[in-house]
Amino acid sequence: MDQVKDILQKIKEGDRKALSRAITLVENELPGAEELLLTLSNDVRPPLIGITGPPGAGKSTLINAMLNELTDTGNKVAVIAVDPTSPFNFGSLLGDRLRMSEHFTDPNIFIRSLASRGSLGGLSEKIIEVSDVICSADFDFVIVETVGVGQSEVEIAGLADITVVVVVPESGDEIQALKSGIMEIADIFVVNKADREGAEALVNNLKRMLHDFRGTKMEVPVISTIASEKKGIRELLEIIRENQYQVSDEKNIYLLAEKAYRIIRKNRMRDVSRPSLLKTIEKEHKSPGFSIYRLANQHLKE
Ligand SMILES: Nc1nc2c(ncn2[C@@H]2O[C@H](COP(=O)(O)OP(=O)(O)OP(=O)(O)O)[C@@H](O)[C@H]2O)c(=O)[nH]1
Ligand SMILES: [Mg+2]
């Protein structure tokens, strides 16, 4: 336990090597990972900002611009990029790295990629643990980039203190079809690629839809950016800061319950896999009195 405390102290003091090692430990469920998680204390934690949106919307470019602005004002920032593609396709991961590469040697910036493979929903199951480890370090902001495919933007909302949904003028038609899920989860909407035609119309459209959906009770800011020209970034950060101070106790409780649910689900499902079920069933299904309910029950008791 002392050793774990020692590592956590180092992480808190800004030792990035210790942080990297701890993440690897947790990511790969190596010996010591559980002890580390159990010793984590996140009493004081930086705001976790989720940036989600369709592929190619400019999320990484936006984060890159945010990093510039944030570190210029003396902040330390961590970025977790969740790669939605298979572990064998490093295309988008490399793209992310490239777009944020100007920051790779900055000691105030820590960037880590995470593959979303093996996830129950869309997001990596490890994201909760990895982000908690990162939040125990000395960062002022932690940013998580996820591609909004299906369920995952909703999942990121269960993790992030502030969820920023990035859309682009091209997604105009898609916006019409926006599931209410996104309308519900977004704390801030960003219309990126505002240098393109249709951006203003999209901003107005979104504002109207949000108003219809949520009423006047909760104003959801909609702002436009040109991430590739670093325009609109300061405004976005200002809104994030305002939002950060508004995270209500109600939302905090919701986030913690959501996290607890996912941690329990992950731990309970640890020893259950479709291949192992297939194997067991292959062996047992012809035995007299075979019952799928009893088989399922056995797994519940383990
Ligand atoms: N015209 C224009 N292009 C932009 C803007 N922001 C980003 N781009 C370009 O859009 C492309 C995609 O940008 P990324 O930042 O990789 O987008 P992403 O959302 O992170 O993409 P994935 O991680 O693959 O989902 C790149 O070629 C960027 O240069 C913008 O404001 N205007
Ligand atoms: Mg990206």
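Since the model is a prediction, treat every value here as computed from it, not as a measurement.

Reading the values: rules and limits
- Residues numbered from 1 in each chain as written.
- Chains lettered and ligands numbered in written order.
- Predicted model: local features only at pLDDT ≥ 70, side-chain atom pairs only at ≥ 80, totals over all residues.
- Heavy atoms only, no water.
- Helix = DSSP H or I, 4+ residues; strand = E, 2+ residues; numbered from the N terminus.
- Buried < 20%, exposed > 50% of the residue type's maximum accessible area, 1.4 Å probe, protein only.
- Contact = heavy atoms within 4.5 Å.
- Areas by Shrake-Rupley, 256 points an atom, 1.4 Å probe, with all protein chains shown as cover.
- Salt bridge = Lys/Arg side-chain N within 4 Å of Asp/Glu carboxyl O.
- Expected span 1.5 Å × (residues − 1).
- pLDDT = per-residue confidence, 0-100.
- Pairing = 2+ DSSP bridges.
- Axes fitted to C-alpha atoms, helices over the stretch in contact; angles between N-to-C directions.
- Parallel < 35°, antiparallel > 145°, perpendicular 65-115°, else oblique.
- Left-handed = near helix turned anticlockwise from the far one by under 90°.
- Nonpolar A, V, L, I, M, F, W, Y, C, P; charged D, E, K, R; others polar.

Engineer: Looking at this model, I keep getting lost on the overall build of the chain. Mind explaining?
Structural biologist: Scanning the chain for helices and strands turns up 14 helices and 7 strands. Relative to its 302 residues, the chain shows a buried fraction of 45%. Relative to all contacts within the chain whose residues are 6 or more apart in sequence, the contacts with residues 24 or more apart total 78%. When the accessible surface of the chain is totalled, it reaches about 16,400 Å², and 52% of it is carbon and sulfur.

Engineer: What exactly am I supposed to notice about the pattern of salt bridges here?
Structural biologist: Under the criterion given, the structure shown has 10 salt bridges. Notably, a salt bridge pairs Arg 112 with Glu 27, separated by 3.2 Å at the nearest N-O pair. With a gap of 85 residues between them, Arg 112 in strand 3 (residues 109–115) and Glu 27 in helix 2 (residues 16–27) connect regions that are remote in the sequence. The two residues Arg 112 and Glu 27 agree in class, both being buried. Look at the salt bridges and you will find they share partners, linking Glu 29, Lys 126, Glu 129 and Lys 266 into a network.

Engineer: What is the right way to read helix 4 (residues 59–72) from this model?
Structural biologist: Because an α-helix packs 3.6 residues into every turn, residues spaced three or four apart end up facing the same way. In this model, helix 4 (14 residues) spans 20 Å end to end at C-alpha, consistent with the 20 Å of a helix rising 1.5 Å per residue. With 11 of its 14 residues buried, helix 4 lies for the most part within the structure. Of the residues making up helix 4, those classed as buried are Lys 59, Ser 60, Leu 62, Ile 63, Asn 64, Ala 65, Met 66, Leu 67, Asn 68, Leu 70 and Thr 71. The positive-phi residue at the C-terminal boundary of helix 4 is Gly 74, with phi of around 85 degrees.

Engineer: Sorry, what's going on with the confidence of the model for the chain here?
Structural biologist: Detailed reading of predicted coordinates is not advised where the pLDDT is low. A residue-level look at the chain finds 81% of positions with pLDDT of 70 or above and a mean pLDDT of 82. Within the chain, no element has a lower average pLDDT than helix 5 (residues 91–99), which sits at 49, and none a higher one than strand 7 (residues 222–224), at 95. In the model, residues 86–94 has pLDDT below 50 throughout and makes 7 contacts with residues more than four positions away in sequence or in other chains.

Engineer: Would you take a moment to explain the environment of Val 144 for this structure?
Structural biologist: Within the secondary structure layout, Val 144 lies in strand 4 (residues 141–147). Considered as a pair, Val 144 and Leu 48 are 96 residues apart in the sequence and their alpha carbons are 7.3 Å apart.

Engineer: What is the right way to look at the pairing of strand 6 (residues 188–191) in this model?
Structural biologist: Burial along strand 6 is two-sided: the face carrying Ile 188 and Val 190 and the face carrying Phe 189 and Val 191 are both buried. Judged from the 4 bridges that link them, strand 5 (residues 162–167) and strand 6 form a sheet pairing that is parallel. Within strand 6, the position partnered with Val 166 by the bridge is Val 190. In terms of strand pairing, strand 6 meets strand 7 through 3 bridges, oriented parallel. Looking across to strand 7, one finds that Phe 189 is bridged to Val 222.

Engineer: Would you mind showing me how to read unusual backbone geometry here?
Structural biologist: Of note in this structure, Glu 29 is not a glycine but carries a positive phi near 50 degrees. The phi dihedral of Lys 193 is positive, around 60 degrees, even though this residue is not glycine. Mapped onto the fold, Lys 193 is located in the loop between strand 6 and helix 10 (199–214).

Engineer: Before we go on, may I ask you to explain the packing of helix 2 against helix 6 (residues 127–135) in this structure?
Structural biologist: When two helices pack together, their arrangement is captured by the angle between the axes and the distance separating the axes. Viewed as axis vectors pointing N to C, helix 2 and helix 6 meet at an angle of 160 degrees, and their least axial separation amounts to 9 Å. The angle between helix 2 and helix 6 places the two elements in the roughly antiparallel class. The crossing of helix 2 and helix 6 is right-handed. Contact residues: Leu 19, Ala 22, Ile 23 and Val 26 in helix 2; Glu 129, Val 130, Val 133 and Ile 134 in helix 6. Among the residues making up the contact of helix 2 with helix 6, the classes are represented as 7 nonpolar, no polar and 1 charged.

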